[in-house]
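Coordinate analysis (summary)
Chain by chain, the residues run as shown.
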Amino acid sequence: MPVTAVRRNPPRHTIEEADIGEDSFPHVPIPSRRKHGSGSENDSRSLEGDYGNVALLLFLYVLQGIPLGVAGSIPMLLQSRGVSYKDQAIFSFVFWPFSIKLLWAPLVDSLYLSSFGRRKSWLVPIQYLIGVFMIFLSYHVNSLIGSEKSGDGVSVYFLTFIFFMLNFLAATQDIAVDGWALTMLSRRNVGWASTCNSVGQTAGYFLGNILFLALESADFCNKYLRSEPQQTGLITLAGFMFFWGIVFFVTTTLVMIMKHEADDPDADSEQGILDTYKQLVKVIRLKPIISYAIILLTVKIGFAAADSLTGLKLIEAGMKKETLALFAVPMIPIQIILPLIISKYTAGPTPMDVYLRAMPFRLLMGLVYAFMVWISHGVQSSPGVFPTSFYAFILIVYALHQVTLYSMFVSGMAFHAKISDPSIGGTYMTLLNTLSNLGGNWPSTLALWLVDGLTLKSCIGAVGSCEKSAPLEEQCTQHGGACETNVDGYYIESILLIAIGFLWYIWRYKKVKELDRLDISAWKCS
């Protein structure tokens, strides 16, 4: 039996992206990654000798995007089943693992079986486990997710646990693949690792989210893909999960047998796991970092209602989930082009100036989102049928929102790159983006949790109450009545959080300016 080897290596996984995926609109996340080493060498040099490695990396990142995409589609499926927003809040925890993987990344980088391979020691069992979870889900997901327009049969807690574990495994696979990319590719082509990540994960997310929602919809398939209507789509969630579970098993076996992992002494160092965590503690204790951490953990409060609830509210208003999903397609070119344009304005010594200029406009977009949801109830010619002009309005609004979102995202990334101590750049950058991701996750989860409690309903046509209780709503309908919304908590929450956002802007404006103009030495660990 080979013995587990504990090598003193630094964490090669450097998460250098911010989570811009808090938006409840379906979207294809375009990761922004910069790997240390030869990351800038992604130029015209030949890929000769690395074509197979690039193809393998691309495919591994596609596999990573599949469970992420499926998890991203579940809230829409749940919404069409009439679950409460508290249930949506519970399920939103499945998106947290990618935001906190810094906690276990050093372990993945440093513990392995030397006889099997440093990255394969994690990649192979992790991908087998993903396959197991997906095949298990394929047999049980129909009972877990319930039926359309009835949230009674939804097992939210168990569904959340399964998808949380799936995303936890996908996040761990990401750590292993990121590290393997640095040694799999030759030095002159290591810059292609970030390209493989962006393209592969985006393609996987597209397959697991947008394409799945379209092909799962009977309406979409009957309208565009069939000559004779049927009651189901071309695929089901169970069949989709089973297919990709088998793909994970087959491809992982092939990688295990056919792909040899070469050692790269240049990628190793004498730094151990404890040293890595000590570095994190040193960074966290810096006074500028403490101030900036408070900013990162609170800055997105004002966006929480718009980002987490708007898409779900449009589905509640009658928009088909697959229609909403397809809005992501025209956004892809915009999401690619915007960072290129915005980066020209964030390349100077004070990138957070752009951040501060964009924030009020992003807050105001929350009011536009609320207006869009409000008019969605009145523009329908019949239930679920919206005019083309309304779809065009949504596209324009969403595109404008992307401008404000990416202005803050790109400027924040530029600031992180500017202040990170080069001696521990990977750890430093990872910590900053972990804080940024958490700052987006917890307000979104809280916004989902609170909206039902802020919604006021009354029982029409029968004696009863519909206030904040599913049993009371059921009692009203059983007596021949119907629960009617008097005040939607989404609008209350939107106005309240936007107001908090502007108060935060006034409170932290000078501090952000001050941090942006601090000497670089203030951010370095002694």
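Right above here is the structure, for reference.
The structure presented is a predicted model; accordingly, all values stated were derived computationally and were not measured.

1. Description of the nonpolar core
Counting residues in each nonpolar core, the largest one holds 68 residues, and the members touching the most others are Ile-74, Phe-163 and Leu-237. Not counting the four nearest positions on each side in its chain, Phe-163 is found in contact with Val-70, Ala-71, Ile-74, Phe-91, Val-94, Leu-137 and Met-241. Leu-102, Leu-296, Trp-504 and Cys-525 belong to the second largest nonpolar core, which has 31 residues in total.

2. Quick word on a nonpolar patch on the surface
Taken together, the side chains of Tyr-139, Phe-242, Ile-246, Val-250, Leu-254, Ile-257 and Met-258 present a nonpolar region at the surface, about 750 Å² in accessible area. Top element by residues in the nonpolar patch is helix H9 (residues 237-258). It accounts for six residues. With respect to the element layout, Val-250 can be found in helix H9. Given the relative accessible area of 46%, Val-250 is considered partly exposed.

3. Re the packing of helix H5 (residues 120-145) against H9
The geometry of H5 relative to H9 is characterised by a closest axis approach of 8 Å and an angle of 165 degrees between their N-to-C directions. Between H5 and H9, the crossing angle belongs to the class labelled roughly antiparallel. Both H5 and H9 take part in a crossing whose hand is left-handed. In terms of residue class, the contact of H5 with H9 is built from 21 nonpolar, seven polar and one charged.

4. A closer look at helix H14 (residues 328-346)
End to end, H14 covers 26 Å across 19 residues, agreeing with the expected 27 Å (1.5 Å per residue, within 8%). Every buried residue belonging to H14 is among Ala-328, Met-331, Gln-335, Leu-338, Ile-342 and Thr-346, and all of these are buried. Along its buried surface, H14 packs onto helix H7 (192-216), helix H13 (321-326), helix H15 (352-376) and helix H16 (388-419).

5. What about the packing of H15 against H16?
In the contact formed by H15 and H16, the axes pass within 9 Å of each other and the chain directions differ by 155 degrees. Accordingly, the angle class assigned to the pair H15 and H16 is roughly antiparallel. For H15 against H16, the interelement crossing comes out left-handed. Residues belonging to the contact of H15 with H16 are distributed by class as follows: 21 nonpolar, six polar and one charged.

6. Side note on the environment of Phe-393
Along the chain, Phe-393 turns up in helix H16. With 21 residues separating them in the primary sequence, Phe-393 and Met-372 have C-alpha atoms 8.4 Å apart. Once residues within four sequence positions are removed from consideration, Phe-393 is found in contact with Phe-371, Met-372 and Ile-375.

7. Here we look at the packing of aromatic side chains
Tallied over the entire structure, the rule returns 24 aromatic pairs. Seen in terms of ring centroids, Phe-136 and Phe-158 are 6.3 Å apart; in terms of plane orientation they differ by 80 degrees. Their pairing is edge-to-face. You can see Phe-136 sitting in helix H5 and its partner Phe-158 sitting in helix H6 (residues 156-184), a full 22 residues away along the chain. Classification of Phe-136 by relative accessible area gives partly exposed; the value is 31%.

8. Here's the deal with the environment of Val-141
Tracing the backbone through its elements, the reader meets Val-141 in helix H5. We classify Val-141 as buried; its relative accessible area is 1%. With 18 residues separating them along the chain, Val-141 and Leu-159 place their C-alpha atoms 8.1 Å apart. Apart from residues no more than four positions distant in its own chain, Val-141 is found in contact with Leu-237 and Ala-238.

9. Observations regarding the pattern of salt bridges
In this structure the tally under the stated criterion is ten salt bridges. For Lys-321, the salt bridge identified is with Glu-216, shortest N-O distance 3.9 Å. Of this pair, Lys-321 sits in helix H13 while Glu-216 sits in helix H7, and the two are 105 residues apart along the sequence. Bridged by salt links that share partners, the residues Asp-353, Lys-418, Lys-513, Asp-516 and Arg-517 form one connected network.

What counts as what
- Residues numbered from 1 in each chain as written.
- Predicted model: local features only at pLDDT ≥ 70, side-chain atom pairs only at ≥ 80, totals over all residues.
- Heavy atoms only, no water.
- Core = buried A, V, L, I, M, F, W, Y, C linked by side-chain atoms within 4.5 Å.
- Buried < 20%, exposed > 50% of the residue type's maximum accessible area, 1.4 Å probe, protein only.
- Contact = heavy atoms within 4.5 Å.
- Patch = residues over 30% accessible without salt bridge, like charges linked within 9 Å, V, L, I, M, F, W, Y side chains within 5 Å.
- Areas by Shrake-Rupley, 256 points an atom, 1.4 Å probe, with all protein chains shown as cover.
- Salt bridge = Lys/Arg side-chain N within 4 Å of Asp/Glu carboxyl O.
- Helix = DSSP H or I, 4+ residues; strand = E, 2+ residues; numbered from the N terminus.
- Axes fitted to C-alpha atoms, helices over the stretch in contact; angles between N-to-C directions.
- Parallel < 35°, antiparallel > 145°, perpendicular 65-115°, else oblique.
- Left-handed = near helix turned anticlockwise from the far one by under 90°.
- Nonpolar A, V, L, I, M, F, W, Y, C, P; charged D, E, K, R; others polar.
- Expected span 1.5 Å × (residues − 1).
- Phe/Tyr/Trp six-rings, centres within 6.5 Å; stacked < 30°, edge-to-face > 60°.

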